[in-house]
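Chain by chain, the residues run as shown.
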Amino acid sequence: MRGGAGGSAYSASKAAMVGLSCGYAKKFAAQGQGVRVNSLSPGLIWSDSVADSLGEEGAEAFRAMILPKTPLGRVGKPEEVASVIAFLLSDAAASVTGQTITVSGGLELGFP
């Protein structure tokens, strides 16, 4: 959610998704179609794909770098992301639109 040194393309792509989802949320709300648009911004979510993409040593080094910066002191799990998605799809979120929800353990709180 915040830009960091050496991560301008990554930060720009996340910002683009936030803007895109807000724009569509506003468009669909104005048309009265009952369509809600939100975006989900996960932090480091630990899964086999992390090790697959970075290699076992690289994944562990990345995790060791992220953990001290994460206020909750742990990385997320795929089921935690799924729970937020299930909420957004439920009637409990009937009035939620144009929002970006982070599932990051508070990681973005540590950036300037």
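Keep in mind that what you see is a predicted model, and the values were worked out from it rather than measured.

What counts, and at which threshold
Residues numbered from 1 in each chain as written. Predicted model: local features only at pLDDT ≥ 70, side-chain atom pairs only at ≥ 80, totals over all residues. Heavy atoms only, no water. Salt bridge = Lys/Arg side-chain N within 4 Å of Asp/Glu carboxyl O. Helix = DSSP H or I, 4+ residues; strand = E, 2+ residues; numbered from the N terminus. Buried < 20%, exposed > 50% of the residue type's maximum accessible area, 1.4 Å probe, protein only. Polar contact = N/O pair within 3.5 Å; in protein donor to acceptor, adjacent residues only side chain to side chain. Expected span 1.5 Å × (residues − 1). Contact = heavy atoms within 4.5 Å. Phe/Tyr/Trp six-rings, centres within 6.5 Å; stacked < 30°, edge-to-face > 60°. Lys NZ or Arg CZ within 6 Å of the ring centre and 35° of its normal.

Caption draft 1: Structural detail: the pattern of salt bridges. Under the defined criterion, the tally for this structure stands at one salt bridge. Of the charged contacts, one joins Arg74 and Glu80 as a salt bridge, the two residues approaching to 2.7 Å between their closest N and O atoms.

Caption draft 2: Structural detail: the side chain of Ser41. If you trace the backbone, Ser41 turns up in strand 1 (residues 39-42). The class of Ser41 is buried, set by a relative accessible area of 6%. Here Lys14 takes part through its side chain, which lies 3.1 Å from a polar atom of the side chain of Ser41.

Caption draft 3: Geometry of helix 1 (residues 8-30). Spanning 23 residues, helix 1 covers 33 Å between terminal C-alpha atoms, matching the ideal 33 Å at 1.5 Å per step. Those residues of helix 1 hidden inside the fold are in contact with strand 1. Two residues or fewer after helix 1 comes Gly32, characterised by a positive phi angle close to 65 degrees.

Caption draft 4: Quick peek at the packing of aromatic side chains. Per the counting criterion, the structure on display carries one aromatic pair. Judged by centre distance (6.0 Å) and plane angle (20 degrees), the ring pair of Tyr24 and Phe28 falls under stacked. Taken together, the residues span about one helical turn, with Tyr24 and Phe28 both in helix 1 at a distance of four residues. A residue is classified by how much of its surface remains accessible, and Tyr24, at 39% relative accessible area, is partly exposed. Above the ring of Trp46, the side-chain terminus of Arg63 is found at 4.5 Å from the ring centroid.

Caption draft 5: Spotlight on the environment of Thr70. Position of Thr70 relative to the elements: it lies in the loop between helix 2 (48-66) and helix 3 (78-89). Sequence separation between Thr70 and Ser104 is 34 residues; the distance between their C-alpha atoms is 7.8 Å. If we ignore the near neighbours within four places in the chain, the residues touching Thr70 are Ser104, Gly105 and Leu107. Looking at Thr70, its side chain comes within polar contact range of the main-chain oxygen of Ile66, at 3.0 Å.

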